[in-house]
Amino acid sequence: MEVFKTLLRVRHYEMDALGHVNNAVYQNYLEQAAIEHSEHLGLTLDVYREFGCVFVMRRVEIDYLRPAVAGESLEVTTWLKQIQGTRAFRCYEIRKQHEENMLVKAEALWVWVDAKTMRPRPIPRLMIDKFSH
């Protein structure tokens, strides 16, 4: 599956009492990277509306390895490990820009659901094809 990378700048209000990015903020970074990856593939909000469905994060596992602080630029890398049925398993790695050491490693389960009923639906072939290239 295609690997996608994006840059995010750490904002001051995202810090915790220790002066590091608050652990809960990393989930926002993961969601932002997933959205940008979809948009990069042409899967915009309008496309999602046409299907009447959305991806929702059902489960996330995050390993916090090193801290980040305000003003740093973070490179978020994401890719789909598997996509089939109603589920997509997405992997993530977060590093400081231009550095090798990983700050965060994560994996999330996203489920394709009907936007009105919130019930799982099979992921459309178009989505599978776009993410599989």
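Residues numbered from 1 in each chain as written. Predicted model: local features only at pLDDT ≥ 70, side-chain atom pairs only at ≥ 80, totals over all residues. Heavy atoms only, no water.

## A look at the packing of aromatic side chains
Moving on, step 1. Evaluated as defined, the whole model comprises seven aromatic pairs.
Moving on, step 2. Aromatic pair Tyr26 and Tyr29: ring centres 5.6 Å apart, planes at 85 degrees, arrangement edge-to-face. Within this pair, Tyr26 and its partner Tyr29 are both found in helix H1 (residues 25-40), separated by three residues, close to a single helical turn.
Moving on, step 3. Taking 5.5 Å as the distance between ring centres and 55 degrees as the angle between the ring planes, the aromatic pair formed by Tyr48 and Trp112 counts as tilted. Here Trp112 lies in strand E5 (residues 102-114) and Tyr48 lies in helix H2 (residues 45-51), a separation of 64 residues in the sequence.
Moving on, step 4. The exposure class of Tyr48 is buried, given its relative accessible area of 10%.
Moving on, step 5. An aromatic cluster is present here, built from Tyr48, Phe51, Phe55, Trp112 and Phe131 joined pairwise through their rings. (Phe/Tyr/Trp six-rings, centres within 6.5 Å; stacked < 30°, edge-to-face > 60°. Helix = DSSP H or I, 4+ residues; strand = E, 2+ residues; numbered from the N terminus. Buried < 20%, exposed > 50% of the residue type's maximum accessible area, 1.4 Å probe, protein only.)

## A closer look at unusual backbone geometry
Moving on, step 1. For His98, which is not a glycine, the phi torsion comes out positive at approximately 70 degrees.
Moving on, step 2. Within the secondary structure layout, His98 lies in the loop between strand E4 (87-96) and E5.
Moving on, step 3. According to the relative accessible area criterion, His98 is exposed, its value standing at 77%.

## Side note on the sheet that holds strand E1 (residues 4-9)
Moving on, step 1. Reading across the sheet, the five strands line up as E1-E3-E4-E5-E2 and stay open at both edges, with antiparallel pairing between neighbours. The open sheet terminates on both sides in strands that have one partner only, identified here as E1 and strand E2 (53-64). Neighbour to neighbour, the strand axes of the sheet diverge by 25 degrees on average, direction disregarded.
Moving on, step 2. When E4 meets E5, the two strands line up antiparallel, connected through nine bridges. (Pairing = 2+ DSSP bridges. Axes fitted to C-alpha atoms, helices over the stretch in contact; angles between N-to-C directions.)

## Digging into the nonpolar core
Moving on, step 1. Formed by 34 residues in total, the largest nonpolar core has its most connected members in Tyr29, Phe55, Tyr92, Ile94, Met127 and Phe131.
Moving on, step 2. Looking at this core, the elements with two or more residues in it are H1, H2, E2, strand E3 (73-84), E4, E5 and helix H3 (125-132).
Moving on, step 3. Tyr92 has contacts with Leu30, Ala33, Ala34, Met57, Val76, Thr77, Thr78, Val104, Lys105, Ala106, Ala108 and Trp110, leaving out every residue within four places of it along the chain. (Core = buried A, V, L, I, M, F, W, Y, C linked by side-chain atoms within 4.5 Å. Contact = heavy atoms within 4.5 Å.)

## Let's talk about the environment of Glu93
Moving on, step 1. Along the chain, Glu93 falls in strand E4.
Moving on, step 2. By relative accessible area, Glu93 is classed as buried at 19%.
Moving on, step 3. Spatially, the C-alpha atoms of Glu93 and Glu31 are 13 Å apart, while their sequence positions differ by 62 residues.
Moving on, step 4. With residues up to four places along the chain from it excluded, the contact list for Glu93 reads Glu75, Val76, Thr77, Trp79, Met102 and Val104.
Moving on, step 5. A distance of 2.8 Å separates polar atoms of two side chains, one belonging to Glu93 and the other to Arg95. (Polar contact = N/O pair within 3.5 Å; in protein donor to acceptor, adjacent residues only side chain to side chain.)

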